[in-house]
Every structure is written in C-alpha cells, then in structure tokens.
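Single-letter residue listing:
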Amino acid sequence: MSKIEEVKAMVEAGKSKVVPGLVQEALAEGNSADSILQAMIATMGVIGDKFSAGEIFVPEMLVAAKAMAKGVDVLKPHFSADSRPSLGTCVIGTVAGDLHDIGKNLVAMMIESAGFDVVNLGVDVSAAKFVEAVKENKNVTLVACSGLLTTTMPAMKETVQTLKSCGETGFKVIVGGAPVSPEYAASIGADGFAPDAGSAAVKAVELVKG
Ligand code: B1M
C-alpha cells in the first residue's frame, strides 16, 4: 500500500494519532502537499457515501473529520503565505446551524496563502456575528460564508442579505460549500461563488482587486 493509500485508510478509520505521522512520511516520500490533501478530500467523499448508504453513522463521520483535520495541520505550512502585501482582512465562517468546518478551514488556509489576513469565526455563525466581525476588524475586504447542509442554505441567504444591508461598505461577499451553486449564490446577492478551496482563493483575489 502506498503512503497516500495508508493516509486515506487511516483517515477513513478515524485514527487521529497516526494520520499526522503518515502525512509526514508521505511528504518525505516526495508526494506533494496538494496530492495528499486531495486524497484526504476524496476520503471524506467516501465517508459521506457510506453515511448516505447507512453503513456508518455520525460518530464515524466525526472521527474521520478529526483525523483529516490533524493531517491538514501537518500540510498547513506547505500552503502558507509568502511576503506579498496584504489584500486586507477576510472574515470567514460556517453559517448558522451548520457545524461542518473542514472545507471552510481549507478555504481559510488557501485565502490566507493568497495574501489575506484571515479572521476565522468558526462554525454556527449567526448573521449578526458576521456583521459584528466586519465592524470590529480593520480593513475587511472580504466576507466568506461556507455551508454544507441544504437545511442551512436559508441561513446563508440571511447572512448575505444582512451583510449587504448593515451599512458597512468596502467588502465583497463570497459563498460556497457542497450544496451551493453559482445560480444560488447570485440569487441571494453574493458577489462571488467558488466550488472548492483553490478556486475560492483565486476568486477572492479577483473580487478584491476588482
Ligand atoms: Co455531515 N453531512 N452532517 N457531518 N458530513 C454531509 C455534508 C452530508 C453530505 C453527508 C451525506 O448525507 N452524504 C450530509 C448533508 C446532506 C445535505 O444537506 N445535502 C450531512 C448531514 C446530513 C449531517 C447531519 C445532519 C447528520 C445527522 O446528524 N443526522 C449532521 C449536521 C450537523 C450540523 O452541521 N448541524 C452532520 C454532522 C457531521 C459531523 C459533525 C459528524 C461531521 C463534520 C465535522 C467537521 O466538519 N468538523 C460531518 C462530516 C465529516 C460530513 C462529510 C462526511 C464530510 C464533510 C467534509 O468535511 N468534506 C459530508 C459528506 C461529504 O462531504 N461528501 C457530510 C470534505 C471537505 C474538504 O469538503 O466541506 O464540501 P467540503 O468543502 C469543499 C467544498 O464544499 C468547498 O471547498 C471545500 C474543499 O475544497 N467549500 C467552499 C466549502 N466551503 C466553501 C466556501 C467557499 C468556497 C468553497 O467560499 C466562501
């Protein structure tokens, strides 16, 4: 079994203690950080399919997510920002009612590496809390909202609409997450949409630079 296959198997099994070491070994073997990341993302897809099929349940999803997060921690320095001047502050969070944070944290990591200072509000973030962060932080140029549940898409709509009517200007809003489409993003008044973390960083720069 290749090192990357071992990483995938151990993420799927939720082995948080062994995943970081295996990720290090996979890097040492010459695998790129991105290829290891993509392998772990694919594993979460497998986990989701097994959950949908009733083969595993919430606790198994949770331990797999924790194991992946430990692996991502090892990869983080490989995606870190260089010395480019800051593009301003990006406030990011997962919308109210939604506890999924792996994708949001990957987006935060890529946006940071693109040259933003990132304020990560975590999960289950209310519209009011997003607005508060825009008001409290300096030079907010971007607000990024993530959502993974179809049931929390209305919360994403409320967040975007609250941000757009809060009286603060000078920032753009980008949204994303598995159930979000470009059409939905446009319909709720978001300035931008991206399907994955890499393209979120590209879109973020495009939105802020105009
Ligand atoms: Co849940 N979950 N989950 N879950 N979970 C999904 C999302 C689901 C698709 C599984 C399934 O049924 N097949 C399903 C949602 C169905 C739907 O609504 N359409 C689901 C469900 C139903 C639930 C619960 C309701 C289960 C229950 O309790 N019965 C519950 C809800 C809890 C809540 O949030 N209130 C629940 C709970 C959980 C855990 C807490 C156990 C755990 C999350 C732990 C954590 O995040 N710390 C969990 C997990 C792990 C998953 C799956 C298996 C994996 C999610 C993940 O991390 N993927 C997921 C199945 C799946 O994704 N196939 C599932 C990897 C990650 C890298 O991808 O987050 O999609 P993703 O992010 C991508 C893109 O979406 C995009 O970029 C990222 C990568 O490049 N992206 C953005 C994300 N945010 C973006 C923002 C952007 C741009 C792009 O701009 C701002």
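Residues numbered from 1 in each chain as written. Predicted model: local features only at pLDDT ≥ 70, side-chain atom pairs only at ≥ 80, totals over all residues. Heavy atoms only, no water.

K.L.:
Looking at this model, I keep getting lost on the packing of helix α6 (residues 127-136) against helix α7 (residues 153-164). Mind explaining?
P.N.:
The description of two packed helices rests on the angle between their axes and on the distance between the axes. At their nearest, the axes of α6 and α7 sit 9 Å apart, and the two run at 35° to each other. With respect to the hand of their crossing, α6 and α7 are arranged in right-handed fashion. When α6 is examined against α7, the residues Ala-127, Phe-130, Val-131 and Val-134 are found in contact with a partner set consisting of Glu-158, Thr-159, Thr-162 and Leu-163. A breakdown of the residues in the contact of α6 with α7 according to their chemical character gives five nonpolar, two polar and one charged. (Axes fitted to C-alpha atoms, helices over the stretch in contact; angles between N-to-C directions. Helix = DSSP H or I, 4+ residues; strand = E, 2+ residues; numbered from the N terminus. Left-handed = near helix turned anticlockwise from the far one by under 90°. Contact = heavy atoms within 4.5 Å. Nonpolar A, V, L, I, M, F, W, Y, C, P; charged D, E, K, R; others polar.)

K.L.:
Just checking my understanding: could you explain the side chain of Thr-141 for this structure?
P.N.:
Relative to the helices and strands, Thr-141 resides in strand β3 (residues 140-146). Side-chain polar atoms of Thr-141 contact the backbone oxygen of Leu-87, separated by 3.0 Å. Apart from residues lying up to four places away in sequence, Thr-141 is in contact with Leu-87, Gly-88, Thr-89, Phe-116, Gly-170, Phe-171, Lys-172 and Val-208. (Polar contact = N/O pair within 3.5 Å; in protein donor to acceptor, adjacent residues only side chain to side chain.)

K.L.:
What is the right way to read the coordination of the cobalt atom of the ligand from this model?
P.N.:
When a metal carries six donors in an octahedron, the ideal angles between them are 90 or 180 degrees, while four donors in a tetrahedron ideally lie at 109.5 degrees. Exactly one protein atom donates to the cobalt atom of the ligand; that atom is His-100 (NE2), 2.2 Å from the metal. Of note, His-100 is situated in the loop between β1 (89-94) and α5 (102-113). (Donors = N, O, S within 2.8 Å, 3.2 Å for Na, K, Ca; no water.)

K.L.:
Just to check I follow, could you spell out the site of the ligand for this structure?
P.N.:
Close to the ligand lie 36 residues; Ser-52, Leu-99, His-100, Asp-101 and Ser-146 are nearest. Between the ligand and Gly-97 there is a distance of 2.9 Å, counted from a nitrogen atom to a backbone nitrogen or oxygen. One of the backbone nitrogen or oxygen atoms of Thr-150 is found 2.9 Å away from an oxygen atom of the ligand. Given that more than half its atoms are within 2 Å of the pocket grid, the ligand belongs to the largest pocket. Element by element, the count of residues in the shell around the ligand is highest for helix α3 (residues 33-52), at seven residues. Class assignment of the residues belonging to the shell around the ligand gives a composition of 23 nonpolar, 10 polar and three charged. (Near = heavy atom within 4 Å. 1 Å grid on protein atoms, 1.4 Å probe; cavity = no way out; pocket = protein on both sides within 12 Å on 5 of 7 lines; lining within 4 Å. Sits in = over half its atoms within 2 Å of the grid points.)

K.L.:
It is not clear to me how the sheet that holds β3 should be interpreted in this structure. Could you clarify?
P.N.:
Hydrogen bonds between backbone atoms are what pair the strands of a sheet, whose relative direction is either parallel or antiparallel. Here five strands make up an open sheet; going across it, the order is β2-β1-β3-β4-β5 and the pairing parallel. A strand with exactly one partner marks an edge of an open sheet, and here the two such strands are β2 (117-120) and β5 (192-193). With six bridges connecting them, β1 and β3 associate as parallel partners. Within the sheet, the bridge partner assigned to Cys-90 lies in β3 and is Leu-142. In the packing of α7 onto the sheet, contacts are made with β3 and β4 (172-176), and the angle to β4 comes to roughly 175°. The strands touched by helix α9 (residues 197-209) are β3, β4 and β5; relative to β4, the strand with the most contacts, the crossing angle is about 160°. (Pairing = 2+ DSSP bridges.)

K.L.:
Would you take a moment to explain the layout of surface pockets for this structure?
P.N.:
The gaps of empty space that remain are located by a probe, the size of a water molecule, rolled over the atoms. Estimated volume of the largest pocket: approximately 1,200 Å³. Forming the walls of the largest pocket are 44 residues, and the residues nearest its centre are His-100, Ile-102, Gly-103, Lys-104 and Leu-148. Every element with two or more residues in the lining of the largest pocket is listed here: α3, α4 (58-75), α5, β3, β4 and α9. Looking at the lining of the largest pocket element by element, the count peaks at nine residues for α3. (Points joined across faces, edges and corners; volume = space filled by probe spheres on them.)

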